[in-house]
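Topology and contacts: notes
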Amino acid sequence: MNKKRVPIIAGNWKMNMTATQARELTSKLIPLVANVKDRDIVLSPPFTSIAAVAETIKGTNIGLAAQNLHWEDKGAFTGEISADMLLDSGCKYVIIGHSERRQYFGETEETVNRKVKQALKKGLLPILCVGETLAEREAGRLNEIISRQVTGGLKDISTDDMKKVVIAYEPVWAIGTGKTATPEQANEVHALIRQKVKALYSTDIAEGLRIQYGGSVTPENVSTLMAMPDIDGALVGGASLKPESFAALVRFT
Ligand code: PGA
């Protein structure tokens, strides 16, 4: 492996894995990735399994992410989870603005941005997700959509805070469909995101930014994706639900 930035491979379990199942999967995964040192490994369980995973990964090289958070500190927000709750449960990262949340739960540029700001204020590292739908791509709107999501998600984020942000590029048409973007297609958008961040911040910030690719990443295609210069990691759904396949992804060469 010859990467400019430390790769970050994250498993997004979505609404899968009870605490019991999470403990079992994680226990099997730990020995399979125990000697991996040159990349960050992250698991993102649903809220009710966070504690079980936190307990199981104690003292290992695996980090913990939540799949969402609320932008307020605390209070009358029934059904929501705060940054302090996540930190206290052992989370280091939080996924924000996943396309499923934008699509099914009404997340907007504004709520995504509020969540990114809250995560940073509280000391959680945000994984900000962006990506176009097939209709948007076919209508020639790729550039516009990605620019809008990057600019909107990062509104009012300081240069110092920007050093803590990870961006995940996930073309909506590639998520859970088995249709991966080709490494060239993915890299083109990663380069565009880096360009955008350079314009908003600086060359240094853009060159330090880690951009994950997500959308039907498998042990079979991970290496060709990771060989691209602007792809710094993977955000993996389906293939992260089995310890063997997630371990194979983590161990890409
Ligand atoms: P997938 O999901 O790997 O199942 O396509 C990726 C994601 O939504 O993060």
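Report follows, based on the coordinates. Every value quoted in this text rests on a predicted model; they were computed, and no experiment measured them.

Sheet architecture is closed into a barrel: eight strands sit in the order 1-2-3-4-5-6-7-8, paired in parallel fashion. On average, each strand axis in the sheet is tilted by 25 degrees relative to the strand beside it, whichever way the strands run. Examined bridge by bridge, strand 4 (residues 93-96) and strand 5 (residues 125-130) share four bridges and lie parallel to one another. Residue pairing for strand 5: Tyr93 is matched across the bridge by Leu125.

For the rest of this paragraph, the subject is the pattern of salt bridges. By the definition in use, this model includes 23 salt bridges. Between Lys164 and Asp161 there is a salt bridge, with the nearest N and O atoms lying 3.1 Å from each other. Residue classification places Lys164 among the partly exposed positions, given a relative accessible area of 37%. A cluster of three or more residues bridged by salt bridges with shared partners is formed by Lys4, Arg5, Arg194, Glu207, Asp230 and Asp232.

Once that is clear, we can look at unusual backbone geometry. Non-glycine residue Asp156 carries a positive phi angle of around 65 degrees. By secondary structure assignment, the location of Asp156 is in the loop between helix 7 (142-153) and helix 8 (159-162). One non-glycine residue with positive phi stands out, namely Ser216, at about 55 degrees. For Ser216, a relative accessible area of 17% gives the class buried.

About the thresholds
Residues numbered from 1 in each chain as written. Predicted model: local features only at pLDDT ≥ 70, side-chain atom pairs only at ≥ 80, totals over all residues. Heavy atoms only, no water. Pairing = 2+ DSSP bridges. Helix = DSSP H or I, 4+ residues; strand = E, 2+ residues; numbered from the N terminus. Axes fitted to C-alpha atoms, helices over the stretch in contact; angles between N-to-C directions. Salt bridge = Lys/Arg side-chain N within 4 Å of Asp/Glu carboxyl O. Buried < 20%, exposed > 50% of the residue type's maximum accessible area, 1.4 Å probe, protein only.

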